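Fold and geometry: a report
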Amino acid sequence: MIPNRIQTCLDQITKDMATRADRGVVADYIPELAQIDPHQFAISVVTAEGQTYCAGDCQVGFSAQSITKVFTLAIALGRSGDQLWQRVGREPSGTAFNSIVQLENENGRPRNPFMNAGAIVTTDEVLAGREPKQALAEIVGFVQAAAGDNDIHINESVARSEQAHGHRNFALAHFLADHSNLKNAPEMTLGTYFHQCAIELTTQQLARAGRFLMGAKHGPRLVAKPRVRRLNAMMMTCGHYDGSGEFAFRVGLPAKSGVGGGILAIVPGVASIAVWSPGLDHNGNSKLGTEALERLAHEMDWSVF
Ligand code: GLU
């Protein structure tokens, strides 16, 4: 009964989303992403029992971008434990994902690990003491293990495209270095950061990769339960940048967005959901992806509240 309801619901949402004229605006500050067709839409759900449901373009790979920050945070906490919080906070920022002003006011300690400055710090922590290649292999390997799928890769063109135009991220990294909050050379940390953001996967792969965050019976146990709860707490409070409050109000689930138009949302103990629609709203979060999650959560009665 429930399984049929999930598939019916995904099919209906996908059909409705195809008719929408206002789809938001694709991220154009990374030239490779500016070329993506905004008419694509995909949604996938993996339940705690291990069933997978998909609708739309769920076999098309897209750029995960900031969604990878959840996986990198999990790895950084695994490496350094609570010491990591000396370098980065865990409060919502109330500012844009790439804001510089707050970093200056707060002496080079980013508000949280999901805004760019904070993710540059967690990437730096994963990189410390080794080569970028090794750090990237660990990050990609973690996502592959989480998804149970080795066919997940970094899109080199997207990484190079961001590297060539990432002036703001360079500014953030140098600012962090100026406050002695980088362990590696800014160029090394940023090269690793741009590459991990350029991980490409489908909604089906992403929903599977999110299983460890719902405490699934099936799938790999990559992170201990108390840490899973905290990762979810961070997603709930900081996962949508300056739109995190609005997302919690509308959808009511812990989630992380990326400027590639993807969102990973977790129904603790029940399901992992991945949605992708490349057009973004004014906060840099997927416009139709958010609408789709709002509908799905409402129709399935999924909420943490
Ligand atoms: N790579 C992007 C950046 O650093 C990630 C931003 C996002 O997905 O929100 O600008």
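The structure under discussion appears in the preceding block.
Numbers given to residues run from 1 along each chain, matching the order in which its sequence is written. For a predicted model such as this one, the threshold for reporting local features is a pLDDT of at least 70, and the threshold for listing and counting side-chain atom pairs is 80 or more; totals across whole chains, interfaces and linings nevertheless cover every residue. Computation of side-chain values covers all heavy atoms of the structure but excludes hydrogens and water.

**What about the side chain of Ser272?**
Here Ser272 shows up in strand E8 (residues 271-276). Think of it in three bands: with a 1.4 Å probe and only protein chains considered, a residue is buried below 20% of the maximum accessible area for its type, exposed above 50%, and partly exposed in between. With relative accessibility at 0%, the residue Ser272 sits in the buried group. When residues no more than four places from it in sequence are discounted, the contact partners of Ser272 are Ser44, Val45, Val46, Leu206, Ala207, Gly210, Arg211, Met214, Leu264, Ala265 and Ile266. A run of H or I in DSSP counts as a helix once it spans at least four residues, and a run of E counts as a strand once it spans at least two, with each numbered from the N terminus. By definition, residues are in contact when any of their heavy atoms lie within 4.5 Å.

**Side note on the pattern of salt bridges**
By salt bridge we mean one thing: a side-chain nitrogen of Lys or Arg within 4 Å of a carboxyl oxygen of Asp or Glu. For the coordinates displayed, the defined rule picks out 13 salt bridges. The partner of Arg130 in a salt bridge is Glu138, and the shortest N-O contact between them spans 2.3 Å. Looking at Glu138, the relative accessible area reads 30%, which means it is partly exposed. One salt bridge connects Glu291 with Lys287, and the closest N-O pair in it is separated by 3.8 Å. Of this pair, Glu291 and Lys287 both sit in helix H14 (residues 287-300), four residues apart, roughly one helical turn. When its relative accessible area of 22% is taken as the criterion, Lys287 is described as partly exposed. Shared partners join several salt bridges into a network, and the residues in it are Arg20, Asp22, Lys287 and Glu291.

**Focus on the site of the ligand**
Taken together, Tyr29, Gln65, Ser66, Phe97, Asn116, Glu162, Asn169, Tyr193, Cys197, Tyr241, Gly258 and Val259 make up the full set of residues near the ligand. Residues adjacent in sequence count toward polar contacts only when both atoms are side-chain atoms; beyond that, a polar contact is any pair of N or O atoms within 3.5 Å, and within protein one must be able to donate a hydrogen and the other to accept it. Ser66 places a side-chain nitrogen or oxygen 2.8 Å from an oxygen atom of the ligand. Within the side chain of Tyr193, one N or O atom sits 2.6 Å away from an oxygen atom of the ligand. Residue burial considers only the protein chains on display, and all accessible areas are found by Shrake-Rupley using a 1.4 Å probe. Taken by itself the ligand offers 290 Å² of open surface, and the protein chains cover 100% of this. Any residue with a non-hydrogen atom lying within 4 Å of a molecule or strand is treated as near it.

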